[in-house]
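Breakdown of the fold
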Protein chains: 2
Amino acid sequence: MANKKEFAIIVAGGSGTRMGSDLPKQFLDLGGEPILFRTIRAFHNYSTDVSIILALPEQWQEHWQSLVDRDQFEVSHQVVNGGQTRTESVINALAKVPNDVLVAIHDGVRPLVSRDMIANSFQIAEEYGTAVATMPVKETIRMIEGESSKTLPRDQLQTIQTPQTFKSELIKEAYAKIDSGEFTDDASVAEDAGVNIKLFPGSYRNIKITTAEDLATANALI
Amino acid sequence: MANKKEFAIIVAGGSGTRMGSDLPKQFLDLGGEPILFRTIRAFHNYSTDVSIILALPEQWQEHWQSLVDRDQFEVSHQVVNGGQTRTESVINALAKVPNDVLVAIHDGVRPLVSRDMIANSFQIAEEYGTAVATMPVKETIRMIEGESSKTLPRDQLQTIQTPQTFKSELIKEAYAKIDSGEFTDDASVAEDAGVNIKLFPGSYRNIKITTAEDLATANALI
């Protein structure tokens, strides 16, 4: 089915706040195991041939290894150092990805991504070069402009999810062109480099766990 | 504390899909009672002096009355007919609201609104004429433009919640000026009439229950 070798970069950049006293979200328990186990396993369950690269802040790698050892986590993966920013983390991970492969970049705190969504992202990226999971925005969004704000046209808005999957040389070139600024996702980096982004349907189930409410949702969904 | 008489319009417009075969979300059970009971009670708990108006599609009013009777729902409220659209529902309800009062317009499927948030909304509307609950957008949002799309600047985006509270004559005049188009919230209607909107912090807990995932979250949060 897949023509090209497939890679997955799992971005687990959270380094905790207040000098590491808080456990980053990716290590929190979800149904008896760390969130990050589930996220990595989602890609392994899609295909055991996917090469998995985990970008993790250096100060949390020992903790991670202790979790892997404790639970005998079964999915093989390579760990690279996370950076100060998401962008730096992705750059570090992309350095391990060869040209002429497909690479899915995925948030470490999105453990509920489905096998179908991963499969779709690789297939679409194979055809179009890019594949970015999105869903329609459900709420009204306002754009703040100085002291005032205005409603945006909801039917034109999409919430961006991950995976965001690319032909590897395309996304590597896009990241190589960055000289400043911070980007909240990879599609924005590619776009900044002049690439047209192909969107495909994600799922409301594919939540990003960033708050206590999100964790409660994830617990209810699994 | 409050200078003006306070009203609350609860918009419970959902009429189910496929010819009413599905129960609209506002009637679904949340912790042992219909979502709508909790939403209405939130305003009653803030102040027993708030006059509550429920906008409900005519075909669901008998069902609603049966729930009220069955559970002896204790909060007095007035029911008006919901319209084909949210806009029509609000117009029908506003017809029951006098001038020179404050009116909070609130989604029937936001049962987790706090007493403090309701209090803030009335106080701010008393001072500024408008008070709209918002929270920073957590995910990356893209705007679709024809065949392409572009990332929006996340630090300028706010997710709009309810309550949206207004001096009654201001919002009645704004709705009176509408001649076409559909609006997803009341702030957009006021804005269309030239009113500057005052935003205040909502809460991520104040979720809008529109999917099964949302209901799972709400169940986890209560």
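For the structure itself, look to the data block above.
Below: a short report on this structure. (Residues numbered from 1 in each chain as written. Chains lettered and ligands numbered in written order. Predicted model: local features only at pLDDT ≥ 70, side-chain atom pairs only at ≥ 80, totals over all residues. Heavy atoms only, no water.)

1. Looking at the relation of the copies chain B and chain A
With an RMSD of 0.1 Å, chain B superimposes on chain A once it is rotated by 179° and translated 0.0 Å along the axis. Within this description, the copies of the chain are treated as partners about a two-fold rotation axis. No C-alpha of chain B lies nearer the rotation axis than that of Thr217(B), which sits 2.1 Å from it. Both copies present the same face, since 100% of the interface residues in chain B are matched by interface residues at the equivalent positions in chain A. (Least-squares fit on C-alpha atoms with pLDDT ≥ 70 in both. Contact = heavy atoms within 4.5 Å.)

2. Brief notes about the interface of chain B and chain A
Facing 41 residues of chain B, the contacting portion of chain A comprises 41 residues. Buried area between chain B and chain A, both sides added, is near 3,500 Å², and the carbon and sulfur share of it is 55%. At the junction of chain B with chain A, the criterion picks out six salt bridges. The partner of Asp214(A) in a salt bridge is Lys138(B), with the nearest N and O atoms 3.4 Å apart. (Buried area = accessible area lost by both parts, 1.4 Å probe. Salt bridge = Lys/Arg side-chain N within 4 Å of Asp/Glu carboxyl O.)

3. Examining the pairing of strand β10 (residues 157–167) of chain B
In terms of residue burial, β10(B) counts as a mostly covered element, since ten of its eleven residues are buried. Two elements, strand β8 (residues 141–145) of chain A and β10(B), share three bridges in a ladder whose sense is antiparallel. For Arg142(A), the partnering residue across the bridge sits in β10(B) and is Gln158(B). Pairing of strand β6 (residues 102–107) of chain B with β10(B) involves four bridges; the strand directions are antiparallel. From the neighbouring strand, Val103(B) faces β10(B), where its bridge partner is Phe166(B). Bridge analysis of strand β7 (residues 130–136) of chain B against β10(B) gives six bridges, and the strand direction is antiparallel. If you follow Thr130(B) over to β10(B), its bridge partner there is Phe166(B). (Buried < 20%, exposed > 50% of the residue type's maximum accessible area, 1.4 Å probe, protein only. Helix = DSSP H or I, 4+ residues; strand = E, 2+ residues; numbered from the N terminus. Pairing = 2+ DSSP bridges.)

By themselves these figures say nothing about function.
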